[in-house]
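Remarks on the overall topology
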Amino acid sequence: AQTVTQSQPEMSVQEAETVTLSCTYDTSESDYYLFWYKQPPSRQMILVIRQEAYKQQNATENRFSVNFQKAAKSFSLKISDSQLGDAAMYFCAYRSRRGTYKYIFGTGTRLKVLA
Amino acid sequence: GAGVSQSPRYKVAKRGQDVALRCDPISGHVSLFWYQQALGQGPEFLTYFQNEAQLDKSGLPSDRFFAERPEGSVSTLKIQRTQQEDSAVYLCASSPNDEQFFGPGTRLTVL
């Protein structure tokens, strides 16, 4: 069975600085998807960035980028030029390309942005 | 366009009561998922529909939990004889492909 681990329950970053959130996963599959979702307080989860395992190039979306290390089964999220609106829970998720396509989530990292 | 909506947003139930949680997915999305998110935890999979067919219910924690999507659109998650351990946020997500779009969730509190 696949598992996702986020070892940082909470992180803080100064406004305009860069922060990296860690995620590791375990799977025996070679093809899958990885996602980072943001969950602001009392608001719904929204997709931040996604990575397809067969793509070697790291995904980038504006200030958000990932460091995908397939052999190490690591998928970290880098947020550049942090903004107050980035404060939220961040969840790493794994999705197989087979079966029912359910997401397997980590336990989340709470990001605080300091003014 | 409209996103995934869920109702009610908040539900308080006395232990032993039955509850029904509704999910309106994005129009045209074939896949629909239910997740349970306990306080301070990540969401955990409950069940999955493709159109009206429930293809995976392996995450339902007990036979008190039942989900349906009779016409392949709106879905209802029903919990019978609620227990305190059922207190959580219940998230619904719909998907046209690889990405899932989440609703705001229903926060269930069982007293």
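A brief structural summary. Computed from a predicted structure; not experimentally measured. (Residues numbered from 1 in each chain as written. Chains lettered and ligands numbered in written order. Predicted model: local features only at pLDDT ≥ 70, side-chain atom pairs only at ≥ 80, totals over all residues. Heavy atoms only, no water.)

Structural notes on the nonpolar core
Membership of the largest hydrophobic core comes to 26 residues, with the highest contact counts inside it found for A:Tyr25, A:Trp36, A:Phe75, A:Leu77 and A:Tyr90. Contributions of two or more residues to this core are made by strand S3 (19–21), strand S5 (32–39), strand S6 (46–52), strand S8 (64–69), strand S9 (74–79), strand S10 (88–96) and strand S12 (109–114) of chain A. No other element matches the four residues that S10(A) contributes to this core. Those residues within four positions of A:Phe75 in sequence are excluded, and the remaining contacts are A:Cys23, A:Tyr25, A:Leu34, A:Phe35, A:Trp36, A:Gln51, A:Val66, A:Asn67, A:Phe68 and A:Cys92. Counting 20 residues, the second largest nonpolar core, distinct from the first, contains B:Ala13, B:Leu46, B:Phe49 and B:Val110. (Core = buried A, V, L, I, M, F, W, Y, C linked by side-chain atoms within 4.5 Å. Buried < 20%, exposed > 50% of the residue type's maximum accessible area, 1.4 Å probe, protein only. Helix = DSSP H or I, 4+ residues; strand = E, 2+ residues; numbered from the N terminus. Contact = heavy atoms within 4.5 Å.)

Details of the interface of chain A and chain B
Listed as interface residues are 18 residues of chain A and, on the opposing side, 22 residues of chain B. In this assembly, chain A packs against chain B so that about 1600 Å² is buried in total across both faces, 50% of it on carbon and sulfur atoms. Linking A:Arg50 and B:Asp98 is a salt bridge whose minimum nitrogen-to-oxygen distance equals 3.0 Å. Of all elements in the fold, only S5, S6, S10 and strand S11 (103–105) of chain A reach the threshold of two or more residues within the side of chain A that touches chain B. Ranked by the residues each element gives to the side of chain A that touches chain B, the list is headed by S5(A), at four residues. (Buried area = accessible area lost by both parts, 1.4 Å probe. Salt bridge = Lys/Arg side-chain N within 4 Å of Asp/Glu carboxyl O.)

Here we look at the sheet that holds strand S7 (residues 65–68) of chain B
Residues and elements named next belong to chain B. Taken in spatial order, the four strands of this open sheet run S1-S3-S8-S7, and their pairing is antiparallel. Either end of the sheet is taken by a strand with one partner, and the two such strands are strand S1 (5–7) and S7. For this sheet, the mean angle separating the axes of adjacent strands, direction not counted, is 15°. Across three bridges, S1 lies against strand S3 (residues 19–24) in antiparallel orientation. The residue bridging Ser7 from the neighbouring strand is Arg22, located in S3. (Pairing = 2+ DSSP bridges. Axes fitted to C-alpha atoms, helices over the stretch in contact; angles between N-to-C directions.)

Brief notes about the layout of surface pockets
Using a probe with the size of a water molecule, rolled over the atoms, empty space left in the structure can be pinpointed. As a volume, the largest pocket reaches approximately 580 Å³. Around the largest pocket, the lining comprises 27 residues; the ones closest to its centre are A:Gln39, B:Gln37, B:Leu39, B:Val89 and B:Arg107. Elements represented by at least two residues in the lining of the largest pocket include exactly S10 of chain A together with strand S9 (88–95) and strand S11 (106–110) of chain B. Looking at the lining of the largest pocket residue by residue, the classes come out as 13 nonpolar, 10 polar and four charged. Lining the second largest pocket are A:Lys102, A:Tyr103, A:Ile104, A:Phe105, A:Gly106, A:Thr107, B:Gln41, B:Gly42, B:Pro43, B:Glu44 and B:Phe45. Those elements that place two or more of their residues in the lining of the second largest pocket are S11 of chain A together with strand S5 (44–50) of chain B. The element contributing the most residues to the lining of the second largest pocket is S11(A), with three residues. Residues of the lining of the second largest pocket, tallied by class, amount to five nonpolar, four polar and two charged. (1 Å grid on protein atoms, 1.4 Å probe; cavity = no way out; pocket = protein on both sides within 12 Å on 5 of 7 lines; lining within 4 Å. Points joined across faces, edges and corners; volume = space filled by probe spheres on them. Nonpolar A, V, L, I, M, F, W, Y, C, P; charged D, E, K, R; others polar.)

Examining the pattern of salt bridges
Going through the model one piece at a time under the given rule, you end up with 12 salt bridges over all chains. Across the pair A:Arg95 and B:Asp98 runs a salt bridge, and its minimum N-O distance is 3.5 Å. In this pair, A:Arg95 is assigned in strand S10 and B:Asp98 in the loop between S9 and strand S10 (101–102), connecting two distinct chains. The two residues A:Arg95 and B:Asp98 agree in class, both being buried. Here the salt bridges do not stand alone but share partners, grouping A:Arg50, A:Glu52, A:Lys55, A:Arg95 and B:Asp98 into one network.

Shape is all these values report; function is a separate question.
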